[in-house]
Amino acid sequence: MATPPPLSAAPSGGATGRMAAVQEMARLLRLLFEVEREFVRTATTLIYRVGEPELKYLLCQHVWEAAGHARFLRERGRELSGFGSDEDTRPALRAVFEEAVRPDHGPTALTGFYAVLKPALLAGYRHYLHVTEPLADWPSRKLVEEFVADEERHAREMAPFLKAAAHEVAALGEPGQSPTTAAWCDHLAAALAARGGWLGTNPPVPLPPGFRWEHEGRAYTHPPTCHRGRYPTCSSVFGHDPAEVPIVRPWLVDPQTDARVIRLMVYVWLMMEMDAVDYLATVFYDTPQAPFDLHFDLARHLWDESRHSAFGYRQLPKLGVDLMTLEHSLDLYHILVQMTPPERYAMMTMEFEAGSFPTKAHVMDRIRELNDFEADTLLAFDRNDEQNHVRYGHHWLPRMMALFGEPRSVEEFVRATQERFRQLAAIHGGRTPHSLPPEVRLTGEKIRRLALGAPGP
Ligand SMILES: [Fe+2]
Ligand SMILES: [Fe+2]
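Worth saying up front: this structure is predicted, and the values here are computed from it rather than measured. For every chain, the first residue of its written sequence is number 1, and the numbers climb from 1 along that sequence. The order in which chains are written sets their letters, starting at A; the order in which ligands are written sets their numbers, starting at 1. Where totals are concerned, whole chains, interfaces and linings use all residues; where local detail is concerned, this predicted model gives features only for residues with pLDDT of at least 70, and gives and counts side-chain atom pairs only at 80 or more.

Draft legend 1. Broad picture of the overall build of the protein chain. When helices and strands are tallied, the protein chain shows 18 helices and 4 strands. For 457 residues, the compact-globule formula gives about 23 Å, and the C-alpha radius of gyration of the protein chain, at 25 Å, lands near that figure. Each of the three principal axes of the protein chain carries a C-alpha extent, and together these read 85 × 65 × 45 Å. The buried share of the protein chain, reckoned over its 457 residues, is 40%. Contacts here follow a simple rule: the backbone-placed C-beta atoms of the two residues must lie within 7 Å. Across the protein chain, the fraction of contacts at a sequence separation of at least 24, relative to all contacts at a separation of at least 6, is 81%. What counts as a helix is a DSSP run of H or I of at least four residues, what counts as a strand is a run of E of at least two, and both are numbered from the N terminus. Radius of gyration here uses only the C-alpha atoms, and the compact-globule reference equals 2.2 Å multiplied by the residue count raised to the power 0.38. Residues with at least 20 neighbouring C-beta atoms inside 10 Å of their own are called buried, those with 12 or fewer are called exposed, and the rest are partly exposed, where every C-beta is derived from the backbone.

This is the structure in structure tokens:
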């Protein structure tokens, strides 16, 4: 049935005027959505550039929460006239985030995000609460009140790490070569002030004379290695020699291996999912044209991997492992960062994750012998999460391939990618020497002594 004509034709701009109150709030929600989604895309570049595991975990958590904010904003926004049906970020806003990723030094970049961009976002949410009509716009208000509380908590959670970052920057001691944190924050604040804050509600302040956009001068590229701070490093924690590596592959499936040994090895395995945290974090920035839902699922995937890593990080010391003797493996980052984003994502979901289930199932059955409810629980959640990750892979890999103009079928692409991984591994793998000599580092032999309580040398 055709729609009847309106009873009286609205004068030009009449509909806009009638709905102006809604459209103004939708416009602000739209800006907040774009800020949150762009934060997800760019703050992920901090993860592999900072070294502390707990800081990496916290960033993954904040990115996941930001993705949640963005999704709720989009959902509410779409109920309102004027939010728009696309989900692109406007270039002027993206420019500020592009600028924020530019410092080569991770702690400096971290400080810019958390001392300038996030407080401005909190100010944006507070402004929204201040200007909206609390009864009429209650659904938005409810969300924004929660986001304000989240942003305040994020600031509290990050405060000790910003303090540590300030010390680290000060220790650089080369103010001539690397801008101090304060100078960098002033620079970013000027970029933001020029557009009147995220919502454009402050009077715009002209850029100071001599202001130069860093991102216009140079592209951002992922560093060839990921940062692990004060922790010792190596190429891989997997191998066959119990005198050399902590995870002895044949021991994982040998029925003669004591379950307590398997438990320690699997916690090392879980902690080393930090690999996945670091290389998955590179995919967001590289896919600016991705639909938001792709980044949303990647953000969840990333946070899951950080929690899996935290399982090991938390449990190993309880079982007597000194984390300073556990070398962090860097091979996967080194190899995968040389590949395209769809190749990285294909290796992760279609090879590493899809291929891990049989061994992990065997490991879980062995560990159940120990009646260790905590270990059983962590492994069960890990397995459940991993099943979701493989599902994400099936769903998003074709889309990511399309974004990069990949014409092959998924099957062909995955096969070719596995081959390319082998070639790149020969060039970029095995390049990280052991930080620690075998008598100091955690090895399979040492794990056996720890697990069985046998006296060690
Ligand atoms: Fe995982
Ligand atoms: Fe996973």
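And the narrative resumes.
Draft legend 2. Spotlight on the packing of helix H3 (residues 53-77) against helix H12 (residues 292-318). The contact between H3 and H12 brings their axes to 9 Å, and the two run at 150°. With respect to H12, the axis of H3 lies roughly antiparallel. The handedness of the crossing between H3 and H12 comes out as left-handed. Packed against H3, whose contacting residues are Pro53, Lys56, Tyr57, Cys60, Gln61, Val63, Trp64, Ala67, Ala70, Arg71 and Arg74, the element H12 presents Phe292, His295, Phe296, Ala299, Arg300, Leu302, Trp303, Ser306, Ser309, Ala310 and Tyr313 at the interface. The classification used treats Ala, Val, Leu, Ile, Met, Phe, Trp, Tyr, Cys and Pro as nonpolar, Asp, Glu, Lys and Arg as charged, and all other residues, Gly among them, as polar. By residue class, the composition of the contact of H3 with H12 is 14 nonpolar, 4 polar and 4 charged. Between N-to-C directions, angles cover 0 to 180 degrees, with each direction set by a line fitted to C-alpha atoms, over the stretch in contact for helices. Just so you know how the angles are binned, under 35 degrees is roughly parallel, over 145 roughly antiparallel, 65 to 115 roughly perpendicular, and the rest oblique. It is the rotation of the near helix from the far one that decides the hand of a crossing: anticlockwise by less than a right angle makes it left-handed, clockwise makes it right-handed.

Draft legend 3. The nonpolar core, seen in detail. By definition, a nonpolar core groups buried Ala, Val, Leu, Ile, Met, Phe, Trp, Tyr and Cys residues that connect through C-beta atoms lying within 7 Å of each other. Counting residues in hydrophobic clusters, the biggest one holds 112 residues, and the most contacted among them are Leu32, Val40, Val63, Met265, Val268, Leu280 and Leu302. With 11 residues, helix H2 (residues 20-43) is the single largest residue contributor to this core. For leucine 302, the residues in contact, after removing those within four places along its chain, are Cys60, Val63, Val277, Leu280 and Ala281.

Draft legend 4. Inspection of the domain arrangement of the protein chain at higher detail. Residue ranges for the domains trace back to a domain assignment, done automatically or taken from a database. When the domains of the protein chain are assigned, the result is domain 1 (21-211) and domain 2 (233-452). Contacts between the two partners involve 20 residues from domain 1 and, on the opposite side, 21 residues from domain 2. Taken together, the elements giving at least two residues each to the side of domain 1 that touches domain 2 come down to H2 and H3. Residue contributions to the side of domain 1 that touches domain 2 peak at 11 residues, all from H3. Its residues assigned to classes, the side of domain 1 that touches domain 2 comprises 10 nonpolar, 4 polar and 6 charged.

Draft legend 5. Representation of helix H11 (residues 274-285) in the model. Most of H11 is tucked away, with 11 of its 12 residues classed as buried. Taken together, the buried positions of H11 are occupied by Met274, Asp275, Ala276, Val277, Asp278, Tyr279, Leu280, Ala281, Thr282, Val283 and Phe284.

Draft legend 6. Spotlight on the packing of helix H10 (residues 259-271) against helix H18 (residues 444-452). Contact geometry for H10 and H18: axes closest at 9 Å, N-to-C directions at 125°. In terms of orientation, H10 and H18 fall into the oblique class. Judged by the twist between their axes, the crossing of H10 over H18 is right-handed. Between H10 and H18, the residues in contact are Arg260, Val261, Leu264 and Met265 and Ile447, Arg448, Leu450, Ala451 and Leu452, respectively. Residues that form the contact of H10 with H18 fall into these classes: 7 nonpolar, no polar and 2 charged.

Draft legend 7. Spotlight on the confidence of the model for the protein chain. Confidence of the prediction at every residue is given by pLDDT, a number between 0 and 100. Per-residue pLDDT for the protein chain has a mean of 94; in total, 94% of the residues score no lower than 70. Counting contacts from residues 1-12, a segment whose pLDDT is below 50, to residues more than four positions away or on other chains yields 1 contact.

Draft legend 8. Molecular detail of the environment of proline 134. As for its position among the elements, proline 134 is in the loop between helix H5 (106-131) and helix H6 (138-172). We classify proline 134 as exposed; it has 9 C-beta atoms within 10 Å. Spatially, the C-alpha atom of proline 134 lies 35 Å from that of leucine 110, the residues being 24 residues apart in sequence.

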